[in-house]
Amino acid sequence: TLKDYRTAYTHYQMAVDLNPKAPYAKFCVKSAVFAAQEIAKKDSPTPNALTEGEQLEISAISRFLELWPEDKDTQKMRFLKAYLYYNKGLFKESIPPFLEAIQADPGSKEAQQAATLILDSLTLMQDWESLKETSQTLLHIKGLGNAVFHSQLKAIYRHARKMAKA
């Protein structure tokens, strides 16, 4: 049927396996991401753990990033991958892909969102030392954020430094 997203996911991935350089391959991987999103909608929610559909989605996104690291949609895919972890409360897992998004294109909208969510994650984890170091690192990345964002980073750094000493 048209709503058999598990079979669709498998077939899209198999098509890419046959020829990752084929003109249809990018469409197939993006379609696999969509199918995985539809599978995830029907999964039973699990706190602090990825559902099967979310795991499939991350797998398809990772494949996209591997095959098309310079594509116009790559930055959005990086952010989506990190956000899947973040949204499940898997903050430690979300930080590396968020950092990849920042480093790849610091001037993008996704990069500033990623930086904000990294800082939020570290605050929620109450990891003050990492928050202090990360806010300082982010402050020195050229092109990341505007003057308001930089003043917020400085305030976060001061707060984290104070909390780290406490």
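Residues numbered from 1 in each chain as written. Predicted model: local features only at pLDDT ≥ 70, side-chain atom pairs only at ≥ 80, totals over all residues. Heavy atoms only, no water.

Here we take up the overall build of the chain. Within the chain, the regular secondary structure consists of eight helices and zero strands. Starting at the N terminus and walking to the C terminus, you meet the elements of the chain as α-α-α-α-α-α-α-α. Its C-alpha atoms put the chain at 60 × 35 × 20 Å along the principal axes. For the chain, the residues scored as buried account for 45% of the 166 residues in total. Taking all contacts inside the chain whose residues are at least 6 apart in sequence as the whole, residues at least 24 apart take part in 55%. (Helix = DSSP H or I, 4+ residues; strand = E, 2+ residues; numbered from the N terminus. Buried < 20%, exposed > 50% of the residue type's maximum accessible area, 1.4 Å probe, protein only. Contact = heavy atoms within 4.5 Å.)

Now for the environment of Gln-13. Here Gln-13 lies in helix H1 (residues 5–18). For Gln-13, a relative accessible area of 10% puts it in the buried group. Remark: the alpha-carbon pair of Gln-13 and Ala-25, spanning 12 residues in sequence, is separated by 8.8 Å. Not counting residues up to four positions away in its chain, the partners in contact with Gln-13 are Ala-32, Ala-60 and Arg-63. A distance of 2.9 Å separates polar atoms of two side chains, one belonging to Gln-13 and the other to Arg-63. (Polar contact = N/O pair within 3.5 Å; in protein donor to acceptor, adjacent residues only side chain to side chain.)

All right, on to the packing of aromatic side chains then. A complete count under the given rule lists eight aromatic pairs for this structure. Taking the centre distance of 6.3 Å and the plane angle of 85° together, the rings of Tyr-12 and Phe-27 count as edge-to-face. Taken together, the residues span a long stretch of sequence, with Tyr-12 in helix H1 and Phe-27 in helix H2 (residues 25–42) at a distance of 15 residues. The class for Tyr-12 is partly exposed, based on a relative accessible area of 26%. When the ring of Phe-79 is compared with that of Phe-98, the centres are 5.6 Å apart and the planes differ by 50°; the resulting orientation is tilted. Residue Phe-79 is located in helix H4 (residues 74–87), and its partner Phe-98 is located in helix H5 (residues 91–104); the two are separated by 19 residues in the primary sequence. For Phe-79, a relative accessible area of 14% gives the class buried. (Phe/Tyr/Trp six-rings, centres within 6.5 Å; stacked < 30°, edge-to-face > 60°.)

With that out of the way, let us pick up unusual backbone geometry. Across the chain, the bulk of peptide bonds are trans and the bulk of non-glycine residues have phi less than zero. Positioned with a positive phi, Asn-48 is a non-glycine residue whose angle comes to about 60°. Residue position: Asn-48 is located in the loop between H2 and helix H3 (52–67). Judged by its relative accessible area of 53%, Asn-48 is exposed. One non-glycine residue with positive phi stands out, namely Gln-126, at about 55°.

Atom-level detail of predicted coordinates should not be read off regions where pLDDT is low. Here the chain shows a mean pLDDT of 95. Residues at 70 or above account for 99%. Ranking the helices and strands of the chain by mean pLDDT puts H3 first, with 97, and helix H8 (residues 147–165) last, with 94. (pLDDT = per-residue confidence, 0-100.)

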